[in-house]
Amino acid sequence: MKKILVTGSNGLVGQKLTDLILSQSNFYLIATSRGANRHPIQEGYTYVDLDICDTESIKQVLKKYRPTAVIHTAAMTNVDACETDQLACRTLNVDAVKNLAEVCQEIHCQLVHLSTDFIFDGESGPYTELDKPNPLSFYGQTKLEAENLLLASSCHWVVLRTIIVYGIVKDISRKNIVLWAKNALEKGDPIQVVNDQWRMPTLAEDLAACCLLAIKHHAQGIYNASGKDMMSISELVEQVADFWHLDKSLILPISSNGLAQTAKRPKRTGFVLDKSMNNLGYRPRSFKEGLAILDSQLQQLNDPSAI
């Protein structure tokens, strides 16, 4: 049985990984995150309270459990917060990856690391794995630095680059764009949405599945792992409104310059997914399929008897 250690297991992708790994009999899960375990299922696996920035704790936990693979989902992903608190961003997004890679190399453990479309400048998306990065923000810069650390590392590593992850879990600490838009429109709140940035939103379940595919295929190198539908952010929010029959007149399109965000965002990213689909068997759902899955899960959360 392969032992898989997940960092950031209390997050959205971390909890989806917990669900997925527990559904498969050939894996044993060591879930790690800061604080108490927030997953509704508390049995059948090991949970460890782990500060991923604590070098000694990382060494102790990995050497104790000696996993077959580590899936590293923990990161500082608030792009504007990364711009204003660069020390915290670098500590979590670069230093922690360096420490993980060193221990994984020592114990001969595969490291699956999540990266981002924000390593690109958005001038020529969608991108392949071979296109040259040029980050516009400090967040993107740290994620690229982490990738470069792994490129220079001797550990067995794989990077999965992803874009705008969305989904729902029972105890979610941070809203993603789909839930934010749905909740605001349901309350009748007008929302400003950029109309000059294009992305390929990713269902959390699909990204979790790609993480396991990377382990099953003993993957090495860089793979794109996003959704398959390209759309502007305003189109994304309009699709959310259409799916749940909400008032689209509340959506107020605005340019990136008009929104005046702290960190600069790439204009058009998106990924070419041929490598992950052909080599790993990755099969992302369409955005509409993802919304239908999300809707079903929301109904279950609102009606416990339906679970």
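That block above? That's the structure.
Figured I'd write up the structure that's included with this text. Residue indices begin from 1 for each chain and proceed along its sequence in written order. Only residues with pLDDT of at least 70 are given local features in this predicted model, and only at 80 or more are side-chain atom pairs given and counted; all residues enter the totals for whole chains, interfaces and linings. Only hydrogens and water are removed before side-chain values are computed, so all heavy atoms of the structure are retained for them.

**Topic: the sheet that holds strand S6 (residues 157–162)**
Next up, step 1: For two strands to be treated as a pair, DSSP must find no fewer than two bridges joining them. Numbering of helices and strands runs from the N terminus; a helix is a DSSP stretch of H or I covering at least four residues, while a strand is a stretch of E covering at least two. The sheet built from seven strands is open, its strands ordered S3-S2-S1-S4-S5-S6-S11 with parallel pairing. Each end of this open sheet is capped by a strand with a single partner; those strands are strand S3 (46–49) and strand S11 (221–224). In this sheet, adjacent strand axes meet at a mean angle of 20 degrees when their direction is disregarded.
Next up, step 2: Sheet topology note: the strand S1 (residues 2–7)/strand S4 (residues 69–72) ladder contains four bridges and is parallel. Counted as the bridge partner of Leu 5 is Val 70 from S4. Structural elements are reduced to axes, namely lines fitted to C-alpha atoms, with helices fitted over the stretch in contact, and the angle between N-to-C directions of any two is expressed from 0 to 180 degrees.

**Considering the packing of helix H2 (residues 55–65) against helix H4 (residues 86–107)**
Next up, step 1: Between H2 and H4, the shortest axis-to-axis distance is 10 Å and the interhelical angle comes to 30 degrees. What the angle tells us is that H2 and H4 run roughly parallel. The crossing of H2 and H4 is right-handed. Taken together, the residues of H4 that come into contact with H2 (itself represented by Thr 55, Ile 58, Lys 59, Leu 62 and Lys 63) are Ala 96, Asn 99, Leu 100, Val 103, Cys 104, Glu 106 and Ile 107.
Next up, step 2: For this scheme, ten residues count as nonpolar: Ala, Val, Leu, Ile, Met, Phe, Trp, Tyr, Cys and Pro. Four count as charged, namely Asp, Glu, Lys and Arg, and the remainder, Gly too, count as polar. Within the contact of H2 with H4, the residues separate by chemical class into seven nonpolar, two polar and three charged. Roughly parallel refers to an angle under 35 degrees, roughly antiparallel to one over 145, roughly perpendicular to one between 65 and 115, and oblique to any angle outside these ranges. Here is the rule for handedness: rotate from the far helix to the near one, and if that takes an anticlockwise turn smaller than a right angle the crossing is left-handed, while a clockwise turn gives right-handed. Contact criterion: two residues are considered in contact whenever any of their non-hydrogen atoms come within 4.5 Å of each other.

**Observations regarding the packing of aromatic side chains**
Next up, step 1: Two aromatic rings from Phe, Tyr or Trp, using only the six-membered ring of Trp, form a pair when their centres are within 6.5 Å; if the ring planes differ by under 30 degrees the pair is stacked, by over 60 it is edge-to-face, and anything between is tilted. Evaluated as defined, the whole model comprises five aromatic pairs.
Next up, step 2: Consider the rings of Phe 120 and Tyr 127, whose centres lie 4.0 Å apart with planes at 10 degrees: the pair is stacked. With respect to burial, Phe 120 and Tyr 127 carry one shared label: buried.
Next up, step 3: Put simply, the rings of Phe 120, Tyr 127 and Phe 271 pair up and form one aromatic cluster.
Next up, step 4: Of note, Lys 182 hangs over the ring of Trp 244, and the distance from its end group to the ring centre comes to 5.3 Å.
Next up, step 5: When the ring centre of Tyr 223 is taken as reference, the NZ or CZ atom of Lys 275 above it lies at 4.4 Å. Here the term buried applies to any residue with accessible area under 20% of the maximum for its type, exposed to any over 50%, and partly exposed to those in between, with areas from a 1.4 Å probe on protein chains only. A positively charged side chain is recorded as over a ring if its NZ (Lys) or CZ (Arg) lies within 6 Å of the ring centre. The angle to the ring normal must also be within 35 degrees.

**Overview of the pattern of salt bridges**
A side chain with one charge may pair with a side chain of the opposite charge, provided their charged atoms come close.
Next up, step 1: Salt bridge, as used here: a side-chain nitrogen of Lys or Arg that lies within 4 Å of a carboxyl oxygen of Asp or Glu. Applying the stated criterion across every chain yields a total of 12 salt bridges.
Next up, step 2: Residues Arg 199 and Asp 117 are paired through a salt bridge, measuring 3.7 Å at the closest nitrogen-oxygen approach. Taken together, the positions of Arg 199 in strand S9 (residues 198–199) and Asp 117 in the loop between strand S5 (110–116) and helix H5 (138–151) put the pair 82 residues apart, joining distant regions of the chain.
Next up, step 3: Classification of Arg 199 by relative accessible area gives buried; the value is 2%.
Next up, step 4: Salt-bridge contacts for Lys 248 lead to Asp 242; the nearest nitrogen and oxygen are separated by 3.2 Å.

**Some thoughts on the side chain of Ser 137**
Next up, step 1: Examined against the element boundaries, Ser 137 turns out to sit in the loop between S5 and H5.
Next up, step 2: Polar contacts, as used here, are pairs of N or O atoms within 3.5 Å; protein pairs need one atom able to donate a hydrogen and one able to accept it. Residues neighboring in sequence count only if both atoms are side-chain atoms. Side-chain polar atoms of Ser 137 contact the backbone nitrogen of Gly 140, separated by 3.1 Å.
Next up, step 3: Apart from the residues within four sequence positions on either side, Ser 137 is in contact with Val 79, Glu 83, Phe 118, Ala 263 and Lys 264.

**Side note on the state of the cysteines**
Next up, step 1: Any two cysteine sulfur atoms lying within 2.5 Å of each other are counted as a disulfide. Within the structure shown, the criterion is met by zero disulfides.
Next up, step 2: There is no disulfide at Cys 104, and the cysteine sulfur nearest it, in Cys 109, is 3.9 Å away.
Next up, step 3: Judged by its relative accessible area of 1%, Cys 104 is buried.
Next up, step 4: The exposure class of Cys 109 is buried, given its relative accessible area of 1%.

**As for the environment of Leu 62**
Next up, step 1: When you line up the elements, Leu 62 lands in helix H2.
Next up, step 2: Classification of Leu 62 by relative accessible area gives buried; the value is 0%.
Next up, step 3: Here the alpha-carbon distance between Leu 62 and Val 103, two residues 41 residues apart in the chain, equals 7.3 Å.
Next up, step 4: Ignoring anything within four residues of it in the chain, the contact list for Leu 62 reads Leu 5, Pro 67, Val 70, Leu 100, Val 103, Cys 104 and Ile 107.

**What to know about the pairing of S6**
Every regular strand shows the same layout, with side chains that alternate between the two sheet faces.
Next up, step 1: Most of S6 sits out of view: six of its six residues are buried.
Next up, step 2: Along S6, one buried face is formed by Trp 157, Val 159 and Arg 161 and the opposite face, lined by Val 158, Leu 160 and Thr 162, is buried too.
Next up, step 3: Two strands pair when backbone bridges link them, and S5 and S6 are joined in this way by six bridges, in the parallel orientation. Each residue of the ladder has a partner; that of Ser 115, found in S6, is Arg 161.
Next up, step 4: Here, the term right-handed applies to a crossover whose path from the first strand over the helix to the second runs clockwise when the strands point away from the viewer. Handedness of the crossover joining S5 and S6 through H5: right-handed.
Next up, step 5: Bridge count between S6 and S11: four bridges; the pairing is parallel. Residue pairing in the sheet places Val 158 in a bridge with Gly 221 of S11.

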